[in-house]
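# Fold and geometry: a report
Chain by chain, the residues:
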Amino acid sequence: AAMERARDTGGVSMSSPVLLVQDTNLPDPHLGVLLYYPVYRTDSAPQTVSERQAALKGFVYVVLRPHDVVSRYPALSTERFEDSQVELNDVTSAKPGESSRLFEVSGKDTKTNGPLSSATYTISLFERNWQVRVSRQQLASRQMGPSMILITGGALSLILAVLSYLLFSRRIHR
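Quick look at the structure, then. The structure displayed is predicted, hence computed values, not measured ones.

Time to look at the packing of aromatic side chains. If you walk through the whole model with that rule in mind, you get 2 aromatic pairs. For the pair Tyr-36 and Phe-59, a centre-to-centre distance of 6.0 Å together with 75° between the ring planes defines the contact as edge-to-face. Of this pair, Tyr-36 sits in strand 3 (residues 31-40) while Phe-59 sits in strand 4 (residues 56-64), placing them 23 residues apart in sequence. Judged by its relative accessible area of 12%, Tyr-36 is buried. Take Phe-59: its relative accessible area is 26%, and that puts it in the partly exposed class. Between the aromatic rings of Tyr-36 and Tyr-61, the centroid separation amounts to 6.3 Å while the plane-to-plane angle is 40°, which identifies the pairing as tilted. Of the two residues, Tyr-36 is situated in strand 3 and Tyr-61 in strand 4; the sequence distance between them amounts to 25 residues. With a relative accessible area of 53%, Tyr-61 lands in the exposed category. An aromatic cluster of at least three residues, connected via ring pairs, comprises Tyr-36, Phe-59 and Tyr-61.

Once that is clear, we can look at a nonpolar patch on the surface. Taken together, Leu-156, Leu-158, Ile-159, Leu-160, Val-162, Leu-163 and Leu-166 make up a surface patch of nonpolar side chains, about 680 Å² in accessible area. Mapped onto the elements of the fold, Leu-166 is located in helix 4 (residues 140-173).

This part takes up the side chain of Ser-13. In this structure, Ser-13 sits in strand 1 (residues 13-14). Within the local environment of Ser-13, its side chain forms a polar contact with the backbone oxygen of Ala-2, the two atoms lying 3.1 Å apart. When neighbours within four sequence positions are excluded, Ser-13 is seen to be in contact with Ala-2, Arg-5, Ala-6, Leu-34, Leu-35 and Tyr-36.

Okay, the environment of Ser-100 next. Structurally, the position occupied by Ser-100 is in strand 6 (residues 100-106). Accessibility expressed as a relative area gives 31% for Ser-100, which makes it partly exposed. The sequence separation of Ser-100 and Asn-89 amounts to 11 residues, and the corresponding C-alpha distance is 5.4 Å.

Attention shifts here to the environment of Arg-65. Along the chain, Arg-65 falls in the loop between strand 4 and helix 3 (66-71). Arg-65 sits in the partly exposed class, given a relative accessible area of 26%. Taking the C-alpha atoms as reference, Arg-65 lies 8.8 Å from Phe-103; in sequence the two are 38 residues apart. Within the structure, Arg-65 has its side chain in polar contact with the side chain of Asp-23 (distance 2.4 Å).

On to the side chain of Arg-52, then. Within the secondary structure, Arg-52 is located in helix 2 (residues 49-55). Buried charged residue Arg-52 carries no salt bridge. Nearest counter-charge: Asp-8, at 6.3 Å. Apart from residues lying up to four places away in sequence, Arg-52 is in contact with Arg-7, Asp-8, Thr-9, Gly-10, Tyr-40, Pro-46 and Gln-47.

So, how was this worked out
Residues numbered from 1 in each chain as written. Predicted model: local features only at pLDDT ≥ 70, side-chain atom pairs only at ≥ 80, totals over all residues. Heavy atoms only, no water. Phe/Tyr/Trp six-rings, centres within 6.5 Å; stacked < 30°, edge-to-face > 60°. Helix = DSSP H or I, 4+ residues; strand = E, 2+ residues; numbered from the N terminus. Buried < 20%, exposed > 50% of the residue type's maximum accessible area, 1.4 Å probe, protein only. Patch = residues over 30% accessible without salt bridge, like charges linked within 9 Å, V, L, I, M, F, W, Y side chains within 5 Å. Areas by Shrake-Rupley, 256 points an atom, 1.4 Å probe, with all protein chains shown as cover. Salt bridge = Lys/Arg side-chain N within 4 Å of Asp/Glu carboxyl O. Polar contact = N/O pair within 3.5 Å; in protein donor to acceptor, adjacent residues only side chain to side chain. Contact = heavy atoms within 4.5 Å. Lys, Arg positive; Asp, Glu negative; His and termini not counted.

Structure, rendered in structure tokens:
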């Protein structure tokens, strides 16, 4: 489908996430995507779809493996995601609740230590829709909830009121 799109549009097209042939025998294979760019027999790009189909000579393609790119980039190392989780999903043709996960990195603390705060972004790139989800361990104050904050704030206010009363009552009685 991606090659046909590239041929018919004359532009770059991206495949859906696929298990690459070179990764099939790996113990922990990762999905990748292929970018295709058509090459035509003519010097200039054909103008119509039928002209592009007739003049197609072949394709230039690039294999992208997000896991390899990110794992070799020090700023995105697993240690930096100790309490975070990042996912990249292709949601182009997904039914609600379904997607093709192209990449995921998660720190050790995201699986065991309570709820996560998360943000989800959807972007379109090369006629595919990508969803990036970033989750992070909630701060302890957020896990306690509003009632705990109310109780703590109330107790501190009461303590301050008593201290103020004691200080002012001493000044008046002097």
